[in-house]
Amino acid sequence: KIEGLKTIAVTTNGINLTRLLPRLKEAGLNAINISLDTLVPAKFEFIVRRKGTNLSSKATVLIFAGMLCLLYLQVNCVVMRGFNEDEVLDFVDFTKDLPLDVRFIEYMPFDG
């Protein structure tokens, strides 16, 4: 541990988090930012560019794994017009009773 360091966090899409979480926690991890831009499995696979990610159980496992390890949890959702803006209320419903923060982030393309 480094004196004065209060938070060690990781931002992840969670693909390998359940496998790595015990070692990360042992190393001092105390906060997780989960990048989760959609609750729709096909859209999630498109974003992470991997088939068979089993999103619904993945999102649940990520959140409960963090809760069981007593970590600070935050879900970051980049809202993109024409892709997932119709899911904002679903995110609120999915997370409203969980001990975590959800941050909706505006998509800002860098093609200008």
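Within any chain, residue numbers begin from 1 and follow the written order of that chain's sequence. Where totals are concerned, whole chains, interfaces and linings use all residues; where local detail is concerned, this predicted model gives features only for residues with pLDDT of at least 70, and gives and counts side-chain atom pairs only at 80 or more. For side-chain calculations, the full set of non-hydrogen atoms in the structure is used, while hydrogens and water are omitted.

Here is the rule we go by: UniProt positions are given in the numbering used here, feature names are shortened, and annotations may be inferred rather than shown by experiment.
The name an unreviewed UniProt entry gives the protein is MOCS1 protein, with Chaetops frenatus as the organism. Under the heading Pathway (unreviewed entry), UniProt records this for the protein: "Cofactor biosynthesis; molybdopterin biosynthesis."

**Description of the pairing of strand E3 (residues 72–79)**
Operational definition: Should DSSP find at least two bridges between two strands, the strands are regarded as paired. By definition, any uninterrupted DSSP run of H or I lasting at least four residues is a helix, any uninterrupted run of E lasting at least two residues is a strand, and each is numbered from the N terminus. Call a crossover right-handed when, viewed with both strands pointing away from you, the route from the first strand across the helix to the second goes clockwise.
Judged from the five bridges that link them, strand E2 (residues 31–35) and E3 form a sheet pairing that is parallel. Bridging across to E3, isoleucine 34 finds its partner in valine 75. With six bridges joining them, E3 and strand E4 (residues 101–106) adopt parallel strand pairing. Looking across to E4, one finds that valine 79 is bridged to glutamate 106. Handedness of the crossover joining E3 and E4 through helix H4 (residues 88–95) is recorded here as right-handed.

**Regarding the pattern of salt bridges**
Basically, it comes down to this: One side-chain nitrogen of Lys or Arg within 4 Å of one carboxyl oxygen of Asp or Glu is enough to make a salt bridge. Partly exposed describes any residue whose relative accessible area lies between the buried limit of under 20% and the exposed limit of over 50%, with all areas from a 1.4 Å probe on protein chains only and scaled to the type maximum.
Counted according to the given criterion, the structure contains three salt bridges. For the salt bridge of glutamate 87 with lysine 43, the shortest nitrogen-to-oxygen distance reads 3.2 Å. Here lysine 43 lies in helix H2 (residues 41–48) and glutamate 87 lies in the loop between E3 and H4, a separation of 44 residues in the sequence. Lysine 43 carries the same exposure label as glutamate 87, and that label is buried. For the salt bridge of lysine 96 with aspartate 93, the shortest nitrogen-to-oxygen distance reads 3.1 Å. Classification of lysine 96 as exposed rests on a relative accessible area of 53%.

**Regarding the nonpolar core**
For the record, the criterion: The criterion is simple. A nonpolar core is a set of buried Ala, Val, Leu, Ile, Met, Phe, Trp, Tyr and Cys residues joined through side-chain atoms within 4.5 Å.
Residues Leu21, Ile32, Leu36 and Val75 are the most contacted members of the largest nonpolar core, which totals 16 residues. Looking at this core, the elements with two or more residues in it are helix H1 (17–26), E2, H2 and E3. Among the elements that line this core, the one with the most residues is E3, at three residues.

**Focus: the packing of aromatic side chains**
Centre-to-centre distance and the angle between the planes together describe a pair of aromatic rings. Selection criterion: Only the six-membered ring of Trp is used, alongside the rings of Phe and Tyr, when aromatic pairs are assigned; centres must lie within 6.5 Å, and planes under 30 degrees apart are stacked while those over 60 apart are edge-to-face, with the rest tilted. Only when the NZ atom of a Lys or the CZ atom of an Arg is both within 6 Å of the ring centre and within 35 degrees of the ring normal do we say a charge sits over the ring.
By the definition in use, this model includes two aromatic pairs. Look at phenylalanine 46 and phenylalanine 83: their rings are 6.1 Å apart centre to centre, the planes differ by 45°, and that puts the pair in the tilted class. Taken as a pair, phenylalanine 46 in helix H2 and phenylalanine 83 in the loop between E3 and H4 lie far apart in primary sequence, 37 residues in all. Consider the rings of phenylalanine 91 and phenylalanine 104, whose centres lie 6.2 Å apart with planes at 90°: the pair is edge-to-face. Within this pair, whereas phenylalanine 91 is found in helix H4, its partner phenylalanine 104 is found in strand E4, the two being separated by 13 residues in sequence. On the accessibility criterion, phenylalanine 104 (35% relative accessible area) is partly exposed. Its guanidinium or amino end placed over the ring of phenylalanine 83, lysine 43 lies 5.4 Å from that ring's centre, counting from NZ or CZ.

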